[in-house]
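# Reading the structure
One-letter residues, chain by chain:
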Amino acid sequence: MLLLLPGLLFILWGEPARCLEENGGFPFDGHIRHFAVAANTVYVATEERLYQLSHDLTLVQSVSQRGILTGSDQTNDAHFSRVAETDERNATFGVNILLPFVENDALISCGVIECGYCEVLDLKNISNVLYREHIQVGSPWTSSASVGFLVNVEQKSTETYILAANQQYEPQYEPAKKSCSLVRDAVNLYNANHHQKGSMFSLSDAFTSTSIKRCKGNAEFVDGFQINLIIYLFSNLPSSDENNKVRLIWLEGKTSKKETLESLRGAILRVSDGDGGEGSKLLASAVIPGGPPVLWSGVFSVDGGQTNTELVLFDISPDLSGDPGADPDFGTGCPLNTAPTPKTLKPKAVLFRQKYMTSVLAVRQKAWVVFFIGTGDGQLIKLAVDKNYRPTCPRVLYRANDDRQVFPKMLLDQVDLKHVYMPLQSQMKRVPVSDCSTYTNVQDCWSAQDPYCIWCGSHNSCTFEDECRDSDWISIPDDFQAKMVSYRVKDGSGQITLNIQIHLTVGREARSNFACQFSTSEPCSTKSPPPQFPQCTCILSKSTLPAEGLPVTVRFRLGTTQLREELKLFNCSEISGPPTSVLCRRCIEAGCGWSKSGCSWADGGVEDDNSCQMMESGMNFSKPEISSITPSVVSFYGRNHAVLSGYNLSDVTSVRIQADMDCTPHESPVWNHTGVTLTFHIPSANTKGTVNACVLLPDGSCHGNAKIIYQSSPSCTSIVPRSSWISGKRKITLTGSHLDFVDGVMHNHVQEVRPPRHTSHQSLTYDTPAADKKVSSSTLRLKVANETVNCSIMINYYPNPEFTTFTSTRMGNDVRIALQKKPDKLEMTPAELSVWGVEGGNQYPCIMEAKKNSNETDFFICEIQSSKTTTAEFQQLLIMYGDQTVTLKLKSSLQLYLLLFLLLIPFILFAVFLVYRSQQKKLTAKMNKHMEDLELDIRNDIRHGNVR
């Protein structure tokens, strides 16, 4: 069975995934269109690529679905060549059918490239194309669903064909390319190999071709499969009056394609008598292995949408007694107006009710059937059902933090049979069917009610049966039991008999070493029969029981496993009083039987304490009523300090919260009683969905019925702005989903929880905490009830903004202020500033108008209205941002001149120094010249004297 989910086929950009995620999921480049499993390989087709993965989701290889289409798509010369991610392309291959043909070592892939296109790939190497053809097999539209699977038809030898069932619409959609030839019929059989009559993908059978038509109205095929030679097809037949009919078609795979399609018989699946067989819609299905009979489960929407859904069990064993081909909705020819109404099949059981179920997988495990249920909000739920169709407690195996929808098909890992392939939009999860090792003792292993888990005596651990090396093991019985050990006390023939039964399935070695031992002050009579699995019997030596009860300890041995049970026996006829729920439970817990006449020995009356819940407690309390719970929509982490409102709440001890099929309800204590309100904590939940809440009284009775809805955990995707000043209290806006569940925001550099200013589903605002100068960045976390959710968003811290000066200018009757700030990385906006002009001890608000940038300097422009002041110029501003207040004064002219003078002093001194040096050099030169002249004169005088 291959099913395409309409409406979810959107392309995600990015490089193809290359590795396995730590959480066991493999991410793809886009939303999943189809996937299939063959032996030890998983094949996944997305909008952009086709993947070949090993069974543990390790990538083997992938090929692009984008390429170049050349030639005519209606002739044999058409050719589709794949190209690399970055190359030019003119076509994309959208897969509608993906079929591993193991016997032929082939992977059949059919879909649309403008018109119909099919490829046959090597099953072990998908990059090797064995055959290609431009032909329509399945839906001719990439946005429409197809059901396709391989069927065997018994002829002289068994032949395998491709069965393709196409959605039928009125009026018919036209293909993107008008020249495409269309196969508009509802159901067709195509050749699956070259050795069959005709050619590969041929519709012909010998010299004719036959198909099944939907003569009038729409048809939406959901699922199909073959068991032995019987083919089963399921579809919805919607109508204009908003009713819907769910149809089952049987075909016999015999003789030829023509004979097979003409063997059509069918039935109507009716979920409830109230809808007359109409109204409910089939969303997904799974056949239950084993049989006969042929048991099948379907996920039905019972409200016409996909909100209120039920998992329903049917016996769909084929009825081949009627005339073939006589069907009012389908046939090989038209019209079909004279055909009789098909038989109606009714459910054997409604197994599970849960909102937003989208897919189901059924696996038989011994006498149990285990259902794996996918939901529209990203959950995988396991539900075990016994041979009497009684379900155990549902357990959540996987829960996505967001609301990604589970694909309508899930498959089992065929290698180990211990993992489920769970597609989530653009990711594939491989989820274990059980985690037996989490149960550390034999009682917990049994109480899990998990058909996959056994207690292995030789290993002294809870594990899978194939992991226990011998037959020394015990597990749950074939039918659901609330307790591992039950007992009944009977009084007959003057003797009291204690019958013990242990509810287990055991291995051969454990069964052969079964023994019981009773320890009591009244020993068992020698007439007591020997133990015989699963029963032990003790005939008491005395015929009376003490008024205070008789304690009894029973020890069991099953192989190497030891069990112990503590009992207390009472005289059933002495448990008397007004028939109340308390007395009823006491009677049944003592091993006696309860009836309208009171408590009696176990040979009569009911033995299940569920019947006691309908009785009055016998205590005098005012019956409480619930009006509302605030909040009533929470994340699966719960919510602290919820308020319940109503009447007569004074005697309430706790609030019980329980899902429809939850075996372990939560009870939350209450406080702050006022009679009309009380406070309690909404506990965390393992699953998303709606639960019921009632209020408990001291007698154990629960009253009222309010709804609490558990949804996904909050997540954040972006933050504005991405920085804060170091002093903190900057307003930050987070965007994401389910942010209305957040109690506070935390930064990793402090332990403080910052409460949100405002929250909605998609946004949250809060004020940042302060940080010291050593902190440059901080990672955000969300506080949700008692849990902390990582936000994976980082915010940077920068120094506080520094304002340098301002100018004030008269603009008509108003005063315009231009506030100057040093450049920084804060990207402060005008909305984050509050400014006042200060004059004469009064403050005048300045209305922010704009922010401008000039020469890498920020200017904030605001105006003070004329009615506020007559002052033309302000000498001082009061500036507020976050929790910081800054006073900025305008410097006077005298101060400016003084500052200018002070700035000029070094230049003046330097100039004086230069002048002084220059004058000194000139003076020195002049003195040197004078001295030289004087010396020359003296020498001349001396020379003249010597001459005389």
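Everything here concerns the structure above.
For clarity, every value in this text was computed on a predicted model and none was experimentally measured.

Turning next to the overall build of the chain. Each helix and strand in the chain was counted, giving five helices and 67 strands. Scored against the burial criterion, the 948 residues of the chain give a buried share of 47%. Taken as a whole, the chain presents about 45,500 Å² of accessible surface, with 50% of it coming from carbon and sulfur.

Turning to the pattern of salt bridges, a few remarks are in order. Tallying each qualifying case throughout the model produces 33 salt bridges. A salt bridge links E48 to R66, with the nearest nitrogen and oxygen atoms 3.1 Å apart. Remark: R66 occurs in strand β6 (residues 66–70) and E48 occurs in the loop between β3 (41–46) and β4 (49–54); sequence separation between them is 18 residues. One salt bridge connects K821 with D824, and the closest N-O pair in it is separated by 2.9 Å. K821 sits in the buried class, given a relative accessible area of 1%. Overlapping salt bridges bring together R214, K245, R247, D327 and D329 as one network.

In this section: the state of the cysteines. Enumeration according to the criterion identifies 11 disulfides in this entry. Two residues share a disulfide in this structure: C445 and C462, whose sulfurs sit 2.1 Å from each other. Across the S-S bond linking C445 and C462, the dihedral sits near 65°, which makes this disulfide right-handed. Of this pair, C445 sits in helix α2 (residues 442–447) while C462 sits in strand β33 (residues 461–464), placing them 17 residues apart in sequence. A residue is classified by how much of its surface remains accessible, and C445, at 3% relative accessible area, is buried. Among the residues examined, C462 registers a relative accessible area of 5% and is labelled buried. Bridging C572 to C592, the disulfide has an S-S length of 1.9 Å. Since a negative S-S torsion denotes a left-handed disulfide, the C572-C592 link at about -80° is left-handed. With C572 in the loop between β41 (561–569) and α4 (581–589) and C592 in the loop between α4 and β42 (593–595), the pair connects residues that are 20 residues apart, well separated along the chain. Per residue, the accessibility class of C572 equals that of C592, and both read buried.

It is worth spelling out unusual backbone geometry at this point. For the bond running from F533 to P534, omega is 10°, close enough to zero to count as cis. Tracing the backbone shows P534 in the loop between β38 (514–520) and β39 (535–539). Of the consecutive residues T630 and P631, the connecting peptide bond is found in the cis state with omega at -5°. Examined against the element boundaries, P631 turns out to sit in the loop between β44 (625–630) and β45 (633–635). Of note in the backbone geometry, Q425 takes a positive phi value of approximately 55° without being a glycine. Note that Q425 resides in the loop between β30 (419–424) and β31 (427–432). With a phi angle near 55°, N855 is a residue other than glycine that sits in the positive phi range. Locating N855 in the fold gives a position in the loop between β64 (842–854) and β65 (857–864).

Turning our eyes to something else, we now look at the packing of aromatic side chains. On inspection of all chains with the given rule, the structure shows 20 aromatic pairs. Here the aromatic rings of F225 and Y232 are separated by 5.2 Å at their centres, their planes lie at 25°, and the arrangement is stacked. The exposure class assigned to F225 is buried, which follows from its relative accessible area of 11%. Their ring planes at 85° and their centres at 5.4 Å tell us that F514 and F533 sit as a pair that is edge-to-face. Within this pair, whereas F514 is found in strand β38, its partner F533 is found in the loop between β38 and β39, the two being separated by 19 residues in sequence. When its relative accessible area of 15% is taken as the criterion, F533 is described as buried. Grouped by ring-pair contacts, the aromatic residues F225, Y232, F234, W296, F300 and F314 constitute a single cluster.

A few words on the sheet that holds strand β7 (residues 79–82). Strand order in this open sheet of three strands is β7-β6-β8, and the pairing throughout is antiparallel. Bordering the open sheet on either side are β7 and β8 (91–92), each of which pairs with just one other strand. Note: β6 against β7, four bridges, orientation antiparallel. Directly across from T70, in β7, lies its bridge partner H79.

What follows covers the side chain of K418. Counting through the fold element by element, K418 comes out in the loop between β29 (411–412) and β30. We classify K418 as buried; its relative accessible area is 15%. Within the structure, the side chain of K418 is placed 3.1 Å from the side chain of E467, a separation counted as a polar contact.

What follows deals with the pairing of β3. The buried fraction of β3 is high, at six of six residues. By the alternation rule, side chains of β3 split into T41, Y43 and A45 and V42, V44 and T46, which are all buried. Looking at chain direction, strand β2 (residues 32–38) and β3 are connected through six bridges and run antiparallel. Residue pairing for β3: A36 is matched across the bridge by Y43. Between the antiparallel neighbours β2 and β3 lie two residues, among them A39 with a positive phi of about 55°. Direction of pairing for β3 relative to β4: antiparallel, over a ladder of five bridges. Its bridge partner being in β4, V42 is matched across the sheet by L53. The hairpin formed by β3 and β4 contains two residues between the paired strands.

Turning our attention to the side chain of Q52. Relative to the helices and strands, Q52 resides in strand β4. By relative accessible area, Q52 is classed as buried at 4%. Here K124 takes part through its backbone oxygen, which lies 3.1 Å from a polar atom of the side chain of Q52. Polar side-chain contacts of Q52 include one of 3.2 Å to the backbone nitrogen of I126. Non-local contacts of Q52, meaning those with residues more than four positions away in its chain, are made with T41, V42, Y43, T58, L59, V60, Q61, L123, K124, N125 and I126.

As a further point, take the sheet that holds strand β5 (residues 59–64). An order of β2-β3-β4-β5 is seen for the four strands of this open sheet, with the pairing classed as antiparallel. The outermost strands of the open sheet, each flanked by one partner alone, are β2 and β5. Pairwise comparison of adjacent strand axes, ignoring direction, gives a mean angle of 15° for this sheet.

So, how was this worked out
- Residues numbered from 1 in each chain as written.
- Predicted model: local features only at pLDDT ≥ 70, side-chain atom pairs only at ≥ 80, totals over all residues.
- Heavy atoms only, no water.
- Helix = DSSP H or I, 4+ residues; strand = E, 2+ residues; numbered from the N terminus.
- Buried < 20%, exposed > 50% of the residue type's maximum accessible area, 1.4 Å probe, protein only.
- Areas by Shrake-Rupley, 256 points an atom, 1.4 Å probe, with all protein chains shown as cover.
- Salt bridge = Lys/Arg side-chain N within 4 Å of Asp/Glu carboxyl O.
- Disulfide = S-S within 2.5 Å.
- Phe/Tyr/Trp six-rings, centres within 6.5 Å; stacked < 30°, edge-to-face > 60°.
- Pairing = 2+ DSSP bridges.
- Polar contact = N/O pair within 3.5 Å; in protein donor to acceptor, adjacent residues only side chain to side chain.
- Contact = heavy atoms within 4.5 Å.
- Axes fitted to C-alpha atoms, helices over the stretch in contact; angles between N-to-C directions.

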